[in-house]
Amino acid sequence: MLRICVCVSGGGTNLQAIMDAIDNGTVTNTKIVRVISNNKGAYALERARAKGIDAVAISPKDFENRELFNDALLAGVDEAEPDLIVLAGFLVVIPPKMIKKYEGRIINIHPSLIPSFCGTGYYGLKVHEAALARGVKVTGATVHYVDEGTDTGPIIMQKAVEVIDGDTPKTLQQRVMEQAEWIILPQAINSIANKKER
Ligand code: GAR
């Protein structure tokens, strides 16, 4: 059984997709052992609690400096003893200490076809604003392993999504979620869970 810790910052629709996929058997051999948010008000925490999943907020606002927050975040992850950390809309720079400790065991969903529209400053709606500004006709989403860079780790899965005339950042974001993110993030978790030898 792959024990996953899901880190979130906002609405948690990707978390919901993972929970639904576990419930309906699309994702097997997987248990969400904890959900962590950097944002106390994140609706994602409610989604997790509604399913009886341990859900905690670890907010930088509660710590004197970044280092103390980073230590608390790592401790919060460690406590859950995960095999895999899933960043599902987690808008926090992962502390280098955590990347080292969980090397090859952290994955992220990014709402574009990496290497387009990724790296520092590209998150959430900003990614779709940039895609529309550039006038691309196809965008999509990427699941990748997390390394020390921003969106630079090995790619696990990608799915393309068409841009439609008249799209706004919001309509494009919604289509990318529905047609790509909510599909490939559970798929990537399932493939990791089922290759796992334990
Ligand atoms: C998702 O679109 C995810 O790809 C993006 O944040 C959104 C979170 O939505 N992540 C990034 O931009 C990371 N760079 P959700 O809370 O509804 O899952």
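Residues numbered from 1 in each chain as written. Predicted model: local features only at pLDDT ≥ 70, side-chain atom pairs only at ≥ 80, totals over all residues. Heavy atoms only, no water.

## Re the packing of helix 1 (residues 13–23) against helix 2 (residues 43–50)
Then, in step 1: In the contact formed by helix 1 and helix 2, the axes pass within 9 Å of each other and the chain directions differ by 20 degrees. Overall, the two elements helix 1 and helix 2 adopt an arrangement that is roughly parallel. Here helix 1 runs over helix 2; the crossing is right-handed. Between helix 1, through Thr13, Leu15, Gln16 and Met19, and helix 2, the contact on the second element is made entirely by Ala44, Arg47 and Ala48.
Then, in step 2: The residue inventory of the contact of helix 1 with helix 2, partitioned by class, reads four nonpolar, two polar and one charged. (Axes fitted to C-alpha atoms, helices over the stretch in contact; angles between N-to-C directions. Helix = DSSP H or I, 4+ residues; strand = E, 2+ residues; numbered from the N terminus. Parallel < 35°, antiparallel > 145°, perpendicular 65-115°, else oblique. Left-handed = near helix turned anticlockwise from the far one by under 90°. Contact = heavy atoms within 4.5 Å. Nonpolar A, V, L, I, M, F, W, Y, C, P; charged D, E, K, R; others polar.)

## Considering the packing of aromatic side chains
Then, in step 1: Taken as a whole and assessed by the stated rule, the structure comprises one aromatic pair.
Then, in step 2: With 6.2 Å between their ring centres and 55 degrees between their planes, Phe63 and Phe69 make a pair best called tilted.
Then, in step 3: On the basis of relative accessibility, which here comes to 0%, the residue Phe69 falls in the buried class. (Phe/Tyr/Trp six-rings, centres within 6.5 Å; stacked < 30°, edge-to-face > 60°. Buried < 20%, exposed > 50% of the residue type's maximum accessible area, 1.4 Å probe, protein only.)

## Focus on the side chain of Asp151
Then, in step 1: Of note, Asp151 is situated in the loop between strand 6 (138–145) and strand 7 (155–162).
Then, in step 2: Salt bridges are absent for the buried Asp151, whose nearest opposite-charge side chain, Lys126, sits at 13 Å.
Then, in step 3: Among the polar contacts listed, one links the side chain of Asp151 to the backbone nitrogen of Gly119, at a separation of 2.9 Å. (Lys, Arg positive; Asp, Glu negative; His and termini not counted. Salt bridge = Lys/Arg side-chain N within 4 Å of Asp/Glu carboxyl O. Polar contact = N/O pair within 3.5 Å; in protein donor to acceptor, adjacent residues only side chain to side chain.)

## So, the sheet that holds strand 2 (residues 30–37)
Then, in step 1: What the seven strands build is an open sheet, ordered 3-2-1-4-5-6-7; its pairing is mixed. Sheet topology places strand 3 (55–57) and strand 7 at the edges, where each strand pairs with a single neighbour. Across the sheet, the axes of successive neighbouring strands diverge by a mean angle of 20 degrees, strand direction being ignored.
Then, in step 2: In this structure, strand 6 lies alongside strand 7, joined through seven bridges in antiparallel fashion. Note that in strand 7 the partner of Thr139 across the bridge is Val161.
Then, in step 3: Of the strands in this sheet, strand 1 (2–8), strand 2 and strand 4 (84–87) touch helix 3 (residues 66–80), which is tilted by about 160 degrees from strand 2. (Pairing = 2+ DSSP bridges.)

So yeah, pure geometry; function would need other evidence.
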